[in-house]
Structures are given as C-alpha cells and as structure tokens.
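A closer look at the structure
Residue strings, one per chain:
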Amino acid sequence: MATVFSGIQPTGEVHLGNYMGALRQWVKLANEGHDCTFSVVDCHAFTLPYAAADLPKRVFETAVAVLSTGLDESKVNIFVQSDVPEHTELAWYLSCVAPMGELGRMTQFKEKGENKDSVGTGLFTYPVLMAADILLYRATLVPVGHDQLQHLEFARDVARHFNHRFKREVFPEPKPYPLTLRIRGTDGNEKMSKSRGNTIAMLDSQATIWKKLKGAFTDPERTTLEKPGRPSVCNIFTMHGVVTPAATVTEIEANCQNATIGCGACKKVLAESLETELTPIRSRAAALNAEPERVTELLKVGAERCRARAKETMAIVKDAAGVRGALSRP
Ligand code: AQP
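Our subject in this report is the structure included herewith. (Residues numbered from 1 in each chain as written. Predicted model: local features only at pLDDT ≥ 70, side-chain atom pairs only at ≥ 80, totals over all residues. Heavy atoms only, no water.)

Its location among the elements puts Gln150 in helix 8 (residues 149-166). Spatially, the C-alpha atom of Gln150 lies 9.9 Å from that of Glu102, the residues being 48 residues apart in sequence. Setting aside residues up to four positions removed in sequence, Gln150 forms contacts with Arg105, Met106 and Thr107. (Helix = DSSP H or I, 4+ residues; strand = E, 2+ residues; numbered from the N terminus. Contact = heavy atoms within 4.5 Å.)

Below, the discussion takes up the pairing of strand 5 (residues 175-179). Summarising the sheet, strand 4 (residues 141-145) and strand 5 pair through five bridges and their orientation is parallel. Opposite Gly145, over in strand 5, you have Leu179 as the bridge partner. Between strand 4 and its parallel partner strand 5, the chain crosses via helix 8, and the hand of that crossover is right-handed. (Pairing = 2+ DSSP bridges. Right-handed = clockwise from strand over helix to strand, strands pointing away.)

This part covers the site of the ligand. Every one of the 20 residues lining the ligand counts as a neighbour, but His15, Ile183, Ser193, Lys194 and Ser195 are closest to it. Here a nitrogen atom of the ligand and a backbone polar atom of Ile183 are 2.8 Å apart. The contact in question runs from an oxygen atom of the ligand to an N or O atom on the side chain of Lys191, over 2.8 Å. Protein chains shield 92% of the accessible area of the ligand, which is 640 Å² for the free molecule. Of all elements in the fold, only strand 1 (3-8) and helix 1 (16-31) reach the threshold of two or more residues within the shell around the ligand. (Near = heavy atom within 4 Å. Polar contact = N/O pair within 3.5 Å; in protein donor to acceptor, adjacent residues only side chain to side chain. Areas by Shrake-Rupley, 256 points an atom, 1.4 Å probe, with all protein chains shown as cover.)

This model, assessed by the stated rule, comprises seven aromatic pairs. Measuring from centroid to centroid gives 5.6 Å for Phe5 and Tyr137, while their planes differ by 5 degrees, and the two rings are stacked. Here the residue Phe5 occupies a position in strand 1, and Tyr137 occupies one in the loop between helix 7 (121-136) and strand 4, the gap between them amounting to 132 residues. Both residues of the pair, Phe5 and Tyr137, belong to the buried class. Plain terms: the ring middles of Phe46 and Tyr50 are 5.9 Å apart, the flat faces sit at 20 degrees to each other, and that makes the pair stacked. The exposure class of Phe46 is partly exposed, given its relative accessible area of 41%. A residue is classified by how much of its surface remains accessible, and Tyr50, at 40% relative accessible area, is partly exposed. An aromatic cluster of at least three residues, connected via ring pairs, comprises Phe5, Phe79 and Tyr137. (Phe/Tyr/Trp six-rings, centres within 6.5 Å; stacked < 30°, edge-to-face > 60°. Buried < 20%, exposed > 50% of the residue type's maximum accessible area, 1.4 Å probe, protein only.)

Right, let's talk about the nonpolar core for a bit. If you look at the biggest cluster of nonpolar residues, it comprises 58 residues, and the most contacted ones within it are Leu213 and Leu274. Considering every element that reaches this core, the biggest residue donor is helix 1, with nine residues. For this core, the two domains that each supply at least three residues are domain 1 (3-183 + 292-321) and domain 2 (204-286). Excluding its chain neighbours within four sequence positions, the residues that come into contact with Leu213 are Ile200, Ile236, Met239, Lys267, Leu270, Ala271 and Leu274. Grouped together as the second largest cluster of nonpolar side chains are 40 residues, Val84, Leu103, Leu135 and Ala320 included. (Core = buried A, V, L, I, M, F, W, Y, C linked by side-chain atoms within 4.5 Å. Domains from an automatic or database assignment.)

The following block contains the structure:
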C-alpha cells in the first residue's frame, strides 16, 4: 500500500473539475486502503493576492467539500496546511538543496507571474513548499494533474539532492498518480478554474447546475441540430464519461455522431447523472454545515495526527543535516 499525499487550494468554490479530476480519485485511493493524507493547502493560496477576511470561510468551505465527497475521516488524514507548521519549516531546509535553475524553468510560475508588475518570492518558490508537503509524510504516491507533473518531478529531484547531500535515504522519491482528466470550463475553452469564473460548483443546487449546463459550450462546429457532433472535443461528453453509466455513454456517443440527439437533450441526461452523483455529497455537506464545530474538530484531529508524523520526519531531517539547537539536544 502506498503513502498518498495531495492538496487542494482554498481559492474558491470547489468545482466539478476539482471533483471529477482529483477528489473522486482521492476517494478511490482511500477506498483501496492506501495511507492517505489530504490537505487544504492555505499556505499555497498566500502566493497570490487574496482578501484575508475571506480566507477562513474559504478554508472552511473547501474542507466541507473535501469531507463531503465520502472520505472516511477515521481512515484518512484531512487537515489545514497552516495547522502543521513543519510544512514551512521543511520548505526552508529543502530550499537550501533545491536547484535555483530548475525553479526558474517552472511553467506555472511563468503563467501565474505573467503580466504582473511584481510577484512575491513565494510564487517562485511554491514548488519547494509543494515538495515539503509531499516529503514531510514521506509520501510514495501523489495524485497530480498534468499541470503539476513538473512540480512533482522537482520534488523527486529535491528528495534525491537532500539524500545525496546528507548521505542518507531520508526521503523516498514520490511517484505520480496521474490525473489525466481535464474538465474545461463552461466557456468551453479554458480549464475549469476557481479563479476563471467558468465553473460549476460541486455543491451548486440542481437548478443552478442546470442553468450553467444549459449555457455551457459544446462542440463549436455543431452549429445546427442536423450537423453530426464530435464527442471527443465536447466537454459535456467528457463529464458524461465520469458520471453517466457506460452503456448510456456509448449510446450518447453514437447518437451525437449520427445527429440523432441534440446538445440540449444530451445535457439533460448529464444533469440527471450529476444529480445522482451529487445528491449524497450535497446532503453530507449540509450535515457538516449544520455542525461547524464538528468540522473544526475533524480538522483538529487530522492536524494532530499529521503533526505527530511531521515531527518524526523533521527529527530525521535535522539529525541527517546535523541541526541541533539547544532545545533538541538530548
Ligand atoms: N478543470 C480541472 N479538471 C481536472 N482537474 C482539475 N483540478 C483543478 N482543476 C481541474 C485538480 O484539482 C486539484 C486541486 O486543484 P487546486 O485547487 O490545488 O489547484 P488548481 O489546479 O490551480 O485548481 P483551480 O480550480 O484551477 O484553482 P485556481 O483557479 O486557484 O488556480 C488538483 O489535483 C488539480 O489538478
């Protein structure tokens, strides 16, 4: 069984891209019995400007969304990153072995820093913090989307550099668990993203989901009902692949290609499938929202379990690096 770590940023409402692309896989990995740790990575959200007054609410909502997917919190560690200060502590040690040249090649930094007058150092060193998140739990398997693969490769390099420098196998090299699915936004072009305003939230009501689905882009070349559609380029069809029963997906694919089903009817089927999928999630979220102190308690227990593990790793890291302050002397 693998040790799994993954995180989600509290940068907005958790959407169907996050759910289909990542959270559903988290539930699968947990159900397979892997040792799973999942975090609301609020320190990562600090890398770009945000309204401080909104952050606590965002963190809470993100935690509720993660918990409501059906993860069994007695078996899985779920916590807020800033509750375990060893993440930022380890990030410092790792930054001292992380090659600057590699950081400079990170495409996400180039994208997120583009056209900004000034960016914080944290945006540049973000992959070091991500490496610390993973290596703190000595994770061996990390669910990552295509856009994070480069950061995981960096984390592997950092683990190698640290082990080599201190001649000890402190960190295993984490392997990617590729998240290949990419859900586009309702605008049809870009990745569905919290910051792009093109999302369908996982916890949106049935009526809101339908309203957003009705307006969502499909195959841009299917301009009339009579024209055959191309399911392979249609975002609606991608989502069918996740939540609609396989036999129905096959039927929809053929009917779209033969122009015997229109986009409206196809979206109706998707709305029904989403309703079946999301109803239990919505009711778990409602129960959690009705008991906010229970959510806080779950996150507290998760953070305590993670801190215990994090402290163990930091003791090994410091021992390997010969770091001994007065308080850590025997
Ligand atoms: N559209 C998507 N399709 C498939 N997977 C997605 N993920 C995000 N968007 C899609 C996956 O969700 C996980 C958590 O994402 P994150 O919050 O850590 O960061 P992100 O990828 O930057 O998500 P957003 O929504 O695009 O946030 P913003 O707008 O703040 O940058 C990740 O595993 C990610 O792959």
